[in-house]
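# Understanding the architecture of this molecule
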Amino acid sequence: MTPSTQPGTLPEHSYGGGGGPAANNHVPGAAHQGLGQQGQVQQGQQVRPDEVLAELHAVVGRIAANVEKVIVGKPEVVRVALVTLLAEGHLLVEDVPGVGKTSLAKALARSIDCTVSRIQFTPDLLPSDITGVSIYNRQDNDFEFRPGPVFANIVVGDEINRASPKTQSALLECMEEHQVTVDGQTYPLGAPFMVIATQNPIEMEGTYALPEAQRDRFTARVSIGYPDPQAEMAMVDEHAGHDPMADLRPVSDADQVLKLVHAVRRVHLSPEVRRYAVELVGATRRLPELRLGASPRSTLQLVRSARAQAALAGRDFVVPDDVHAVAVPVLAHRLVPTAEAQAARRSPADLVRNLLQRVPVPQAGPDQGGQFAHGANPNHHR
């Protein structure tokens, strides 16, 4: 029997009500620092993991409730966005026009009191328009650097595939290394740093598809989709005569988010679950339906996202269900299907779901303390 939760489930509303981890969920030897009233770390004070996770639930719950004022009826989309934030990653929002891609990005950015910038990608946008440029200062008789919009905690890139590949490449260094190099000088970016980009996969005229190297730097991809009739009716009632974005106020700040990220880093990952993640990613490289499988970078992002998912579910250790809950948004956009697979309408997301059923899932040992045995029936943990 495996200590697990249903994939994607979180405590009661607000992504963090009750349902904190039980005392026996503590991983021996794991050191945790507490988060104070405003997310301040209480230095030198050891607190129980459930207290740290309870604080995480409270903060994340406020952020989720804020975002849901704008994005109605899409809790799964909000969950993936929050997992990406806590995993120190970047989010790609890909969907048809009018479903709220930019609204999701702006709502998440406004919910955190930090520096935010927005870049409207167009065909005439230059790399220096993103990273910044060195300008000659006559008074000092020297060049001085003027930072671009990428120097912010949260960067919202609208319609990223409308810019040329040359301009898109300006984000490669900053997304991976959290720094920008201009004229031989390297400038570090602040922390936290997150890029939330949107793109329309349907309209291809005047667009440039993101190269594989660019897509691989996005931790997760999410599609919002059309709302159900009830959610759309509620949206019409509440938003038709008023813009909810105008009333959105920050409910957290950059320092608090950083401390949540540090708490997620300390979530325990057993060797068995680590091996399971490696085998799952490795299996994508052997699929005949794929021209390109997932990279080693995707393994790191899968593990980080699983840790964040475990924290949101109220645990200080990762179980296989956490990997299942984030596998599709983390892996699917990195895979390149063959022409035969595309003709058969086998999407990368379907291939990942199929692998989740085939790759053996580790099972909990007799102590059920977060330790797992490998090679079990892949569906037994359900």
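Structural data are supplied above this passage.
### Describing the nonpolar core
For soluble globular proteins, nonpolar side chains are generally found buried alongside one another. Formed by 77 residues in total, the largest nonpolar core has its most connected members in L91, L280 and L302. The dominant element in this core, judged by the number of residues it contributes, is helix α3 (residues 75–86), at eight residues. Once residues within four sequence positions are removed from consideration, L302 is found in contact with A277, L280, V281, V323, V326, A327 and V330.

### Concerning the pairing of strand β5 (residues 116–120)
The side chains of a regular strand alternate between both faces of the sheet. Going residue by residue along β5, you find S117 and I119 tucked away on one face and V116, R118 and Q120 left uncovered on the opposite face. Relative to strand β8 (residues 154–158), β5 is paired through five bridges, and the arrangement is parallel. Along β8, the bridge assignment pairs S117 with V155.

### As for the packing of aromatic side chains
Each pair of aromatic rings is reported with the distance of its centres and the angle of its planes. Across all of its chains, the model carries three aromatic pairs by this definition. Arranged with centres 4.1 Å apart and planes meeting at 10°, the rings of F145 and Y187 form a pair that is stacked. Taken together, the residues span a long stretch of sequence, with F145 in strand β7 (residues 142–147) and Y187 in strand β10 (residues 185–188) at a distance of 42 residues. Ring pairs connect the aromatic residues F145, F151 and Y187, which therefore count as one cluster.

### A closer look at the packing of helix α12 (residues 296–312) against helix α13 (residues 320–331)
Close contact between α12 and α13 brings their axes to 8 Å; oriented N to C, the two are set at 135°. The angle between α12 and α13 falls in the class oblique. Of the two elements, α12 crosses α13, and the hand of that crossing is right-handed. Here S298, Q301, L302, S305, A306, Q309 and A310 of α12 lie close against α13, whose contacting residues are D322, V323, A325, V326, A327, V330 and L331. The residue inventory of the contact of α12 with α13, partitioned by class, reads nine nonpolar, four polar and one charged.

### Comments concerning unusual backbone geometry
With omega at -5°, the peptide bond leading from A191 into P192 counts as cis. As for its position among the elements, P192 is in the loop between β10 and β11 (194–199). Not every positive phi belongs to a glycine, and E88 is a case in point at roughly 60°. For E88, the location among the structural elements is in the loop between α3 and β3 (91–94). Judged by relative accessible area, which is 29%, E88 ranks as partly exposed. Its identity is not glycine, yet R345 carries a phi of approximately 55°, on the positive side. In this structure, R345 sits in the loop between α14 (339–343) and α15 (348–358). Classification of R345 by relative accessible area gives exposed; the value is 75%.

Each value, and the rule that gives it
Residues numbered from 1 in each chain as written. Predicted model: local features only at pLDDT ≥ 70, side-chain atom pairs only at ≥ 80, totals over all residues. Heavy atoms only, no water. Core = buried A, V, L, I, M, F, W, Y, C linked by side-chain atoms within 4.5 Å. Buried < 20%, exposed > 50% of the residue type's maximum accessible area, 1.4 Å probe, protein only. Helix = DSSP H or I, 4+ residues; strand = E, 2+ residues; numbered from the N terminus. Contact = heavy atoms within 4.5 Å. Pairing = 2+ DSSP bridges. Phe/Tyr/Trp six-rings, centres within 6.5 Å; stacked < 30°, edge-to-face > 60°. Axes fitted to C-alpha atoms, helices over the stretch in contact; angles between N-to-C directions. Parallel < 35°, antiparallel > 145°, perpendicular 65-115°, else oblique. Left-handed = near helix turned anticlockwise from the far one by under 90°. Nonpolar A, V, L, I, M, F, W, Y, C, P; charged D, E, K, R; others polar.

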